[in-house]
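Survey of secondary and tertiary structure
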Amino acid sequence: MTIRDLHVAYGKKPILRGASYDIHKGECLTLLGANGSGKSTSLNAICGFVRPGAGSVRLGDTELAGLAPHQIFAHGVAQVSQARDLFPDLSVEDNLRLGAMRRGSKTSTTTLAGIYDRFPRLAERRKQPTRTLSGGEQQMVAIGRALMSQPRLLLLDEPSGGLSPEFCEEIAQLMDGLKAEGVTMLMVEQNLKLAFRAADRFIVLRDGAVVDGGDVKAMEHDHDAIIKNIYL
Ligand SMILES: Nc1ncnc2c1ncn2[C@@H]1O[C@H](COP(=O)(O)OP(=O)(O)OP(=O)(O)O)[C@@H](O)[C@H]1O
């Protein structure tokens, strides 16, 4: 995916001011930045929840900027939002099935089996209303639902939000598995430990533009410098 000169404003307030970056196929890119720097807005602009004022969001040969959210979803972009947006009274299985709409009902049964292989805990709880699950299990449902559409690009907004360190490690391992299968991911994550553990590359947003970026492993011993750059 190629993002070029992306601009988003809420009313007259500019939030993204010409952000440009690439997300390579099969990698996990993490978006870092101080509160209010435009991280969630970036994800929302990519999946069409907010309309960019200018700029380009290209996935392969397709220009996504300006398309409606359902069209962008149909092109293979799925978001796991911070709020998770599950239907609390529906069962785990029904919530998962809702994610398969892009694929059509013919493929959903095999995909569902794949999700249960990946998250055995959800298989045990398939009939339970999602409101009865722990926060970490609900996060698994939200990620599983996004995976049901077999996305080309998975957007993750704060996957560690409110979860224990054990669950964060579980999520990092899940992301390792997804990467091994070639799933491309863009993640916003305030938990820098998880961000540096799970991502291949990072970029830093400040005032809606990219001010830093690189290979996570290459700067493994210089996380302090990067953190200073985020919170300048
Ligand atoms: N729908 C909206 N209408 C008006 N302002 C908004 C809206 N959504 C976000 N904002 C504002 O835009 C700015 C950027 O928000 P955004 O959520 O993208 O930041 P962020 O980098 O993800 O921050 P955080 O780390 O706090 O989640 C913030 O000042 C926020 O209050």
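Residues numbered from 1 in each chain as written. Predicted model: local features only at pLDDT ≥ 70, side-chain atom pairs only at ≥ 80, totals over all residues.

Notes on the nonpolar core
Core analysis: the biggest nonpolar cluster contains 61 residues, and V77, V141, L155, M185, L186 and M187 have the highest contact counts within it. Discounting chain neighbours no more than four positions away, the residues touching L155 are L43, I46, C47, V77, A78, Q79, V80 and L186. (Core = buried A, V, L, I, M, F, W, Y, C linked by C-beta atoms within 7 Å. Buried ≥ 20, exposed ≤ 12 C-beta atoms within 10 Å, placed from the backbone. Contact = placed C-beta atoms within 7 Å.)

Describing unusual backbone geometry
Of note, Q150 is a non-glycine position whose phi angle comes to about 45°, a positive value. Within the fold, Q150 resides in the loop between helix 6 (135-147) and strand 7 (153-157). One non-glycine residue, D207, lies in the positive phi region at around 50°. Along the chain, D207 falls in the loop between strand 9 (201-206) and strand 10 (209-215). (Helix = DSSP H or I, 4+ residues; strand = E, 2+ residues; numbered from the N terminus.)

As for helix 6
In this model, helix 6 (13 residues) spans 18 Å end to end at C-alpha, consistent with the 18 Å of a helix rising 1.5 Å per residue. Of all 13 residues making up helix 6, 10 are buried, and the element is well covered by its neighbours. Of all the positions in helix 6, only Q138, Q139, M140, V141, A142, I143, G144, R145, A146 and L147 are classed as buried. (Expected span 1.5 Å × (residues − 1).)

Overview of the environment of A199
Within the fold, A199 resides in the loop between helix 8 (192-198) and strand 9. When the C-alpha atoms of A199 and D176 are compared, they prove to be 9.0 Å apart, with 23 residues separating the residues in sequence. The contacts of A199, once residues within four sequence positions are left out, are C28, L29, T30, M187 and V216.

A word on the site of the ligand
The full set of residues close to the ligand is Y10, I15, G33, N35, G36, S37, G38, K39, S40 and T41. Among the elements that line the shell around the ligand, the one with the most residues is helix 1 (residues 39-46), at three residues. (Near = placed C-beta within 6 Å.)

Considerations on the environment of G66
Looking at where G66 falls in the secondary structure, it is placed in the loop between strand 5 (62-63) and helix 2 (69-74). Once the C-alpha coordinates of G66 and H223 are considered, the two residues, 157 residues apart in sequence, prove to be 36 Å apart.

A word on the sheet that holds strand 5
Strands sit in the order 2-1-4-5 across an open sheet of four strands; the sheet is antiparallel. Unpaired on one side and paired on the other, strand 2 (13-22) and strand 5 mark the two borders of the sheet. Sheet analysis places strand 1 (residues 2-10) next to strand 4 (residues 54-59), joined by four bridges and oriented antiparallel. Note on strand 4: the bridge partner recorded for H7 is A54. Relative to strand 2, helix 1 is tilted by about 70°, and along the sheet it contacts strand 1, strand 2 and strand 4. (Pairing = 2+ DSSP bridges. Axes fitted to C-alpha atoms, helices over the stretch in contact; angles between N-to-C directions.)

Some remarks on the sheet that holds strand 6 (residues 77-80)
Spatially, the six strands line up as an open sheet ordered 6-7-8-3-9-10, and their pairing is mixed. Two strands close off the open sheet at either side, each with one partner strand: strand 6 and strand 10. Taking the axes of each pair of neighbouring strands and ignoring which way they run, one obtains an average angle of 20° across the sheet.

Regarding the confidence of the model for the protein chain
Across the protein chain, the average pLDDT comes to 90, with 94% of residues at 70 or higher. This prediction of the complex comes with two scores: 0.92 for pTM and 0.95 for ipTM. (pLDDT = per-residue confidence, 0-100.)

Topic: the environment of F119
Along the chain, F119 turns up in the loop between helix 4 (105-118) and helix 5 (120-124). Each C-alpha atom, one on F119 and one on R58, is 32 Å from the other, the two residues being 61 residues apart in sequence. The contact partners of F119, leaving out residues within four places of it in the chain, are M140 and G144.

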